[in-house]
Amino acid sequence: KLTRQDWLLFLVILSAGVWAKMSHLERVGIRTADEGSYCFFGMTMLNGEPKCIQDKPGQAIILAAGFNLFGPSQYGAVAITAMLGVLTIPALYWLGLEMGNKLYAVALSAVSVCMPYLLYYHRGASSDSNFFLFCVLGLALFLRAVKQERAEENPDEEKSRTCLKWLAASGLIWGAGITVN
């Protein structure tokens, strides 16, 4: 159970993450040819021409959503990825909790705020950081399924059904992640 102090610490980490990942995005542009290709795929999807997408359709959907929300600009591509980067922070916190320790949750989420690799990729239009979010969520859901299976308080049949639901959700998230990267 999370205490008020746990929530406060999480909110401080999340606030730092929002600042680190979202500040001055208007100064960041497309940095690599790969990001440019993904933006092209996203724009073609937005324009109703999905046959132009050569790979990573999930990334094209993400960038099309960014262009739809923020306009067809480099900012639209970078902002949607930065927003997913912010969502990675609570996902890592949840993963740490599923690993069984509040210290893991704090460490994972805090490191994700300041890790240069994640800052670089969360502030661009690359697929790597978006794939990372899906991996973290898939693993957290898988660990929840394992915990559910080991829980003693549930009857066997109910435990198995709940475990299968968590496993199915994990598989769906992993599958969606594969389309991104």
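Throughout this document, residue positions are counted from 1 along each chain, in the order its sequence is written. Since the coordinates come from a predicted model, pLDDT governs what is reported: local features require at least 70, and pairs of side-chain atoms require 80 or more to be given and counted, while whole-chain, interface and lining totals use all residues. Excluded from the side-chain calculations are hydrogens and water; all other atoms, namely the structure's heavy atoms, are used.

A. Representation of the overall build of the protein within the structure. In this description a helix means any DSSP run of H or I spanning at least four residues, a strand means any run of E spanning at least two, and both kinds are numbered starting from the N terminus. Scanning the protein from N- to C-terminus turns up 8 helices and 0 strands. Overall, the protein shows an N-to-C arrangement of helices and strands of α-α-α-α-α-α-α-α. The C-alpha extent of the protein, read off along each of the three principal axes, is 50 × 35 × 25 Å. Summed over its atoms, the accessible surface of the protein is roughly 9900 Å², and 65% of this surface lies on carbon and sulfur atoms. Positive charges come from Lys and Arg, negative ones from Asp and Glu, while His and the chain ends are left out of the count. Charged groups are reduced to one reference atom each: NZ for lysine, CZ for arginine, CG for aspartic acid, CD for glutamic acid. On the protein, the mean spot of the 15 positive side-chain charges and the mean spot of the 14 negative ones are 6 Å from each other. All accessibility values rest on the Shrake-Rupley procedure with a 1.4 Å probe; residue burial counts only the protein chains present in the view.

B. Molecular detail of helix H4 (residues 74-98). Expected span, for any helix, means 1.5 Å times one less than how many residues it has. Helix length check: H4, at 25 residues, gives a terminal C-alpha distance of 36 Å against a target of 36 Å (1.5 Å per residue), a fit within 8%. Relative accessibility decides the category of a residue: with a 1.4 Å probe and only protein chains considered, values under 20% of the type maximum give buried, values over 50% give exposed, and everything between is partly exposed. When you tally the buried positions in H4, you get 18 out of 25 residues, the bulk of the element.

C. Molecular detail of the pattern of salt bridges. For this document, the term salt bridge refers to a Lys or Arg side-chain nitrogen within 4 Å of an Asp or Glu carboxyl oxygen. Under the counting rule described, the total for this entry stands at 3 salt bridges. Across the pair Asp6 and Lys102 runs a salt bridge whose closest N-O atoms are separated by 2.7 Å. Remark: Lys102 occurs in helix H5 (residues 102-114) and Asp6 occurs in helix H1 (residues 4-22); sequence separation between them is 96 residues. As a salt-bridge pair, Glu98 and Lys147 come within 3.6 Å of each other at their nearest N and O atoms.

D. Fine view of unusual backbone geometry. With phi around 60°, His24 is a residue other than glycine that occupies positive phi space. Positionally, His24 belongs in the loop between H1 and helix H2 (33-46). Classification of His24 by relative accessible area gives partly exposed; the value is 40%.

E. Geometry of the nonpolar core. In this text, buried Ala, Val, Leu, Ile, Met, Phe, Trp, Tyr and Cys residues form a nonpolar core when linked through side-chain atoms within 4.5 Å. Residues Cys39, Ile62, Leu63 and Ala77 are the most contacted members of the largest nonpolar core, which totals 20 residues. Secondary structure elements with two or more residues in this core: H2, helix H3 (57-70), H4 and helix H7 (127-150). For this core, the element with the most residues is H4, which contributes 6 residues. Here Leu63 is in contact with Tyr38, Cys39, Gly42, Ala77, Ile80, Thr81 and Ala125, once residues within four sequence places are set aside. Core analysis: the next-biggest nonpolar cluster, separate from the first, contains 9 residues, Leu14, Ala20, Tyr93 and Ala105 among them. The contact criterion used is simple: two residues touch if any of their non-hydrogen atoms lie within 4.5 Å.

F. Local environment of the environment of Phe10. Residue position: Phe10 is located in helix H1. Here the alpha-carbon distance between Phe10 and Val106, two residues 96 residues apart in the chain, equals 7.2 Å. Setting aside residues up to four positions removed in sequence, Phe10 forms contacts with Pro90 and Tyr93.

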